[in-house]
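Fold and contact review
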Amino acid sequence: MKMTMSQKILAAHAGRESVSPGELVMAKLDLVLANDITAPVAINEYRKAGAGCVFDCQKIALVMDHFTPNKDIKAAEQTKKVRDFAAEKGIVNYFDVGTVGIEHALLPERGLVVAGDLVIGADSHTCTYGALGAFSTGVGSTDMAVGMAYGKAWFKVPRAMKFNLRGKLRQWVSGKDVILHIIGKIGVDGALYKSMEFAGPGVAALSMDDRLCICNMAIEAGAKNGIFPVDDKTLQYIADHSQKKPVVFAADDDAEYDEVMDIDLGSIGSTVAFPHLPSNTRTFADMPEVKIDQVVIGSCTNGRLSDLQIAAKILKGHKIHPRVRTIIFPATQKIYLQAMKEGLLEIFVEAGAAVSTPTCGPCLGGHMGILAKGERALATTNRNFVGRMGHPESEVYLASPEVAAASALTGVITDPATL
């Protein structure tokens, strides 16, 4: 059949036996997602089109995670528009203050996405769910509006790149280092409108949190989606979080890829993306001294419990450098509660960090951690474009929670292995 994993999911949802790269297909959706920035635009388009009922009130997720708790009147009005729409349409999966989490951590945790699903979201990092063996991708708010109304979307079937993983990660190295390493090699357009499909024996050595992080940043390489094969770890995660039945797809042995890249996980070191592109990567073998003013640990990329646990391991019993503001964002309320039970929040506060409610705020320069002119932030977020976290003359460096925590202690970007 010569189909990749992504192509098989699209074919199944389009009611086709097979699809080919470049084809346009109409496919049925399992979930449609938007947030407090993108949903108001989608709702406006929905109204403009004269749509009536939504296609399925249980297959739409509206997550108020970017500017909540509301930072100003405009944010409050946007959230109110979405809140009223959710009540009007009976949308079950509406998440606001008190229940909200960062959307791409929240949906897997809530079991709303499983293997074999086809998901669109009006947020580019919707590609996160490929870690669960789903085809998920970001769309514009107009496509989101159509998806809410009809439960369908047009897709151009993507070509694919294959990444054969082998070995296992060294201590203090995690999924964030893997994806930064890959983006550093292929560039921010290296997988443009392609599926990044991960395979090989090294997959088994990666945790689900590693995989979620890696797929989250597939868009940073220009990819349409990222996706991992479904193995025992995937199925166990799904069983622990969802009542939905997964559907397992696997690439054909003769599936066609534009490129196959071999990645030795054991050769990857702690990696940092310098301003102003995720592809501008360096390791500590080639790292100048960079003083920092702020550290952010959290986001849809690295705000999961394992990220907080490793940060706490490094920070425990130490004090954050007096020049460095450190802000830590558990990605969901459940993660926040578990971190509290494990004593992680106490470690963070005693070290001198501020712990926030789940929010995307600082990642996009929205609120709760805006940078002033000339300031530098080291963040576990996913983008470091000009002005991404504040003033256009500020700088953002991307790194793992391990590097971020170590750097918070020293005031300069630091290899955690040297502490």
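- In the nomenclature of an unreviewed UniProt entry, the chain corresponds to 3-isopropylmalate dehydratase large subunit from the organism Oligosphaera ethanolica.
- According to the UniProt record, the Pathway (unreviewed entry) comment for the chain reads "Amino-acid biosynthesis; L-leucine biosynthesis; L-leucine from 3-methyl-2-oxobutanoate: step 2/4."
- As recorded by UniProt, the Function (unreviewed entry) comment attached to the chain reads in full: "Catalyzes the isomerization between 2-isopropylmalate and 3-isopropylmalate, via the formation of 2-isopropylmaleate."

**Comments concerning the overall build of the chain**
- Across its full length, the chain carries 13 helices and 18 strands.
- The C-alpha atoms of the chain give a radius of gyration of 20 Å, which matches the 22 Å a tight globule of 419 residues would have.
- Reported as C-alpha extents along the three principal axes, the dimensions of the chain are approximately 60 × 50 × 40 Å.
- In the chain, buried positions account for 59% of the 419 residues.
- With an accessible surface of roughly 16000 Å², the chain has 51% of that area assigned to carbon and sulfur atoms.
- Positive and negative charge centroids in the chain, built from 43 and 46 side chains respectively, lie 2 Å apart.

**Looking at the UniProt feature "binding site: [4Fe-4S] cluster" (unreviewed entry) in the chain**
- Under the local residue numbering, the UniProt record ascribes the feature "binding site: [4Fe-4S] cluster" (unreviewed entry) to Cys300, Cys360 and Cys363. With the annotated positions falling across 64 residues, the maximum pairwise C-alpha distance of 9.3 Å places them together in a single cluster.
- If you trace the backbone, Cys300 turns up in helix α9 (residues 299–302).
- The topology assignment puts Cys360 in the loop between β16 (354–355) and β17 (376–379).
- We classify Cys360 as buried; its relative accessible area is 10%.
- Once residues lying within four places of it in the same chain are set aside, the contact partners of Cys360 are Asp65, His66 and Ile102.

**Focus: the packing of helix α10 (residues 305–315) against helix α12 (residues 344–351)**
- Between α10 and α12, whose axes approach to 9 Å, the crossing angle comes to 45°. One finds that α10 runs oblique with respect to α12. α10 and α12 meet at a crossing whose hand is left-handed. From α10, Leu305, Leu308, Gln309, Ala311, Ala312 and Leu315 reach across to α12, where they touch Leu344, Ile347, Phe348 and Ala351.
- Taken together, the residues of the contact of α10 with α12 sort by class into nine nonpolar, one polar and no charged.

**Thoughts on the environment of Arg170**
- Residue position: Arg170 is located in the loop between β8 (159–166) and α6 (175–186).
- When its relative accessible area of 44% is taken as the criterion, Arg170 is described as partly exposed.
- Distance from Arg170 to Leu265, taken between C-alpha atoms, is 7.9 Å for residues 95 residues apart in sequence.
- With residues up to four places along the chain from it excluded, the contact list for Arg170 reads Gly266, Ser267, Ile268 and Gly269.

**What about the sheet that holds strand β3 (residues 60–63)?**
- With parallel pairing, the five strands of this open sheet are ordered in space as β4-β3-β2-β5-β6. Two strands lie at the open edges of the sheet, namely β4 (93–95) and β6 (135–138), each paired on one side alone. Pairwise comparison of adjacent strand axes, ignoring direction, gives a mean angle of 15° for this sheet.

**Some points on the packing of aromatic side chains**
- Counted under the stated rule, the structure contains five aromatic pairs.
- Relative to Phe85, the ring of Tyr46 has its centre 5.3 Å away and its plane inclined at 85°; by these criteria the two rings are edge-to-face. With a gap of 39 residues between them, Tyr46 in helix α2 (residues 38–48) and Phe85 in helix α3 (residues 73–89) connect regions that are remote in the sequence.
- Tyr46 gets classed as buried once you look at its relative accessible area, which sits at 1%.
- Residues Phe135 and Phe155 carry aromatic rings whose centres are separated by 6.0 Å and whose planes lie at 90° to one another, so their mutual orientation is edge-to-face. Taken together, the positions of Phe135 in strand β6 and Phe155 in strand β7 (residues 152–156) put the pair 20 residues apart, joining distant regions of the chain.
- Among the aromatic side chains, those forming a connected cluster through ring pairs are Phe163, Phe198 and Phe228.
- In this structure, Lys71 packs its charged tip against the face of Phe67, placed 5.0 Å from the ring centre.
- Sitting over the ring of Phe274, Arg282 keeps its end group 4.8 Å from the ring centre.

**Topic: unusual backbone geometry**
- Here the residue pair Thr68 and Pro69 is connected by a cis peptide bond, since its omega of -10° sits within 30 degrees of zero.
- Within the secondary structure, Pro69 sits in the loop between β3 and α3.
- Of the consecutive residues Pro275 and His276, the connecting peptide bond is found in the cis state with omega at 0°.
- With respect to the element layout, His276 can be found in the loop between β12 (271–273) and β13 (281–283).

**Things to note about helix α7 (residues 208–216)**
- Counting buried positions over the nine residues of α7 gives eight, a clear majority of the element.
- For α7, every residue scored as buried is listed here: Met208, Asp210, Arg211, Leu212, Cys213, Ile214, Cys215 and Asn216.
- Packing partners of the buried residues in α7 comprise α4 (103–109), α6, β9 (194–199), β10 (225–227), α8 (232–241) and α9.

**A closer look at the pattern of salt bridges**
- Under the counting rule described, the total for this entry stands at 18 salt bridges.
- Of the charged contacts, one joins Asp96 and Arg83 as a salt bridge, the two residues approaching to 2.8 Å between their closest N and O atoms. In this pair, Asp96 sits in the loop between β4 and α4 while Arg83 sits in helix α3, placing the two residues 13 residues apart along the sequence.
- Under the relative-accessibility criterion, Asp96 is labelled buried at 11%.
- Classification of Arg83 by relative accessible area gives partly exposed; the value is 34%.
- By sharing partners, the salt bridges in this structure join Arg47, Glu88 and Lys89 into a single network.

What counts and what doesn't
Starting from 1, residues in each chain are numbered consecutively following that chain's sequence as written. Under the rules for a predicted model, residues below a pLDDT of 70 receive no local features and side-chain atom pairs below 80 are neither given nor counted, while totals for whole chains, interfaces and linings still include all residues. Side-chain figures throughout are based on the complete set of non-hydrogen atoms in the structure, without hydrogens or water. UniProt positions are given in the numbering used here, feature names are shortened, and annotations may be inferred rather than shown by experiment. A run of H or I in DSSP becomes a helix once it reaches four residues, and a run of E becomes a strand once it reaches two; helices and strands are each numbered from the N terminus. Both definitions apply: the radius of gyration is a C-alpha atom measure, and the globule rule equals 2.2 Å times residues to the power 0.38. Any residue under 20% of the maximum accessible area for its type is buried, any over 50% is exposed, and the rest in between are partly exposed; the area is computed with a 1.4 Å probe on protein chains only. For the accessible areas, the method is Shrake-Rupley and the probe is 1.4 Å, while residue cover comes only from the protein chains on display. For the charge count, each Lys or Arg is scored as positive and each Asp or Glu as negative, with His and the chain ends excluded. Working definition for charges: the position is that of NZ of Lys, CZ of Arg, CG of Asp or CD of Glu. Note on contacts: a residue pair qualifies if any of its non-hydrogen atoms lie within 4.5 Å across the two residues. Between N-to-C directions, angles span 0 to 180 degrees; the directions come from axes that are lines fitted to C-alpha atoms, helices contributing only their stretch in contact. Orientation labels follow simple angle bins: below 35 degrees gives roughly parallel, above 145 gives roughly antiparallel, 65 to 115 gives roughly perpendicular, and whatever is left gives oblique. Here a crossing is taken to be left-handed if its near helix is turned anticlockwise relative to the far helix by less than a right angle, and right-handed if that turn runs clockwise. Note that Gly is not counted as nonpolar here; it falls among the polar residues with everything else outside the nonpolar set of Ala, Val, Leu, Ile, Met, Phe, Trp, Tyr, Cys and Pro and the charged set of Asp, Glu, Lys and Arg. For two strands to pair, DSSP has to find at least two bridges joining them. Between rings of Phe, Tyr and Trp, where Trp is taken as its six-membered ring, a pair exists when centres lie within 6.5 Å; planes separated by under 30 degrees are stacked, by over 60 edge-to-face, and by other angles tilted. Any Lys NZ or Arg CZ found within 6 Å of a ring centre and within 35 degrees of that ring's normal is scored as a charge over the ring. Any Lys or Arg side-chain nitrogen located within 4 Å of an Asp or Glu carboxyl oxygen qualifies as a salt bridge.

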